[in-house]
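Here is how the chains run, residue by residue.
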Amino acid sequence: MRKCNLIVDSCCDLPPELFDREGVQLLKFPYIVDGETFDDDLFQSISASEFYDRMRKGAEPSTAQLSMPVITEAFEAAVAQGVPTVYLSFTSGLSGSYDVAMLVRDQILEAHPAFELYVVDTKLASIAEGLLVYEALRQLDNGLSAKELATWAEEARYFVDCEFMVEDLDALRRGGRIPSSVAVAGAALDVKPLLTIDIEGKLQLIGVARGRKKGIKALVEHFEKNATRDEMSNYMVVGDADCQKDAQRLEDLIRKADESAYFVNASIGPVIGSHVGVGMLALAFWGSDKREKLSVADRIARHVKGGR
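Below is a short write-up of the structure. Given the structure is predicted, the values throughout are model-derived calculations rather than measurements. (Residues numbered from 1 in each chain as written. Predicted model: local features only at pLDDT ≥ 70, side-chain atom pairs only at ≥ 80, totals over all residues. Heavy atoms only, no water.)

## Digging into the sheet that holds strand S1 (residues 5-9)
Then, number 1: In spatial order, the strands read S2-S1-S6-S7; together these four strands make up an open sheet with parallel pairing. Pairing within the sheet leaves two strands with one partner each, and these edge strands are strand S2 (24-27) and strand S7 (117-121). Across the sheet, the axes of successive neighbouring strands diverge by a mean angle of 20°, strand direction being ignored.
Then, number 2: With three bridges connecting them, S1 and strand S6 (residues 85-89) associate as parallel partners. Across the sheet, residue Ile7 finds its bridge partner in S6, namely Tyr87.
Then, number 3: Where helix H5 (residues 146-156) meets the sheet, it contacts S1, S6 and S7, and its direction lies at approximately 10° from that of S7. (Pairing = 2+ DSSP bridges. Helix = DSSP H or I, 4+ residues; strand = E, 2+ residues; numbered from the N terminus. Axes fitted to C-alpha atoms, helices over the stretch in contact; angles between N-to-C directions. Contact = heavy atoms within 4.5 Å.)

In structure tokens, the structure reads:
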């Protein structure tokens, strides 16, 4: 029985039908194309093909963080319903929306100190965030309280592994997500960059592949090397930026490696798509604890900063 409500945002890139249920609210990030602002409704008002075709024709969409009024309205609605609520936020490593949400939360709790409202920085983006959200929906159905769900998410986020391939790094460079020098080097080598989300929720370049076939193979190899094997780990998310054939190829290869794999298929939404460009292919799955992979220097640095 559901004991709390859940707020998520559109940067999780999951299919919209997953959120058409009682007690779940979707916050829609804004994006701008040719001077016109739209809400990221997970391709309900525009198809993925239509959006990415505009990019193919030269459009360079931009994005903005969730506004304070949007977050305030959602949190005030939660108070009005009187149901303890958890918000799983897009990574603070790529957006200021988490900081805004924390500011609004503090204002809400000052006015309503007895209300339970938890804001969790997922430290994840796109379908990596989506995998955490997908499992959070299952945990919600299992009857976790708001406090229990927030505590679960704060731990589970470190076990989400992901890797994604992009056509090039130019869109990420334009959005300020990576240094220009890295993008220039990638273009000069004519390779398909492979990236992940690091422990702080930021983009990290971890490799390159010469061609999309080798890139897809690299995604499969990353899964085989890093995936855990238990019931929850059967669930994974495959996302694509208008390259469904490649997504199907990736799924087929994963199934050869793991027959128990259960896939959630996702289209990379317009906000994430604005920064990664046409043709991104991504895989998110449950892996080992990211904190265990830190070097001694990084562990000391995190401890000094107050991290775990």
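## Describing helix H9 (residues 244-257)
Then, number 1: The terminal C-alpha atoms of H9 lie 20 Å apart, and with 14 residues this matches the ideal 20 Å at 1.5 Å per residue to within 8%.
Then, number 2: Taken together, the buried positions of H9 are occupied by Ala247, Leu250, Glu251, Leu253 and Ile254. The arc that holds every buried residue of H9, seen down its axis, measures 165°, which confines them to one face. What points out from H9, more than 90 degrees from its buried face, is the exposed set Lys245 and Lys256.
Then, number 3: Each element contacted by the buried residues of H9 is listed here: helix H8 (212-226), strand S11 (235-240), strand S12 (262-267) and strand S13 (281-286). (Expected span 1.5 Å × (residues − 1). Buried < 20%, exposed > 50% of the residue type's maximum accessible area, 1.4 Å probe, protein only. Arc of directions from axis to C-beta.)

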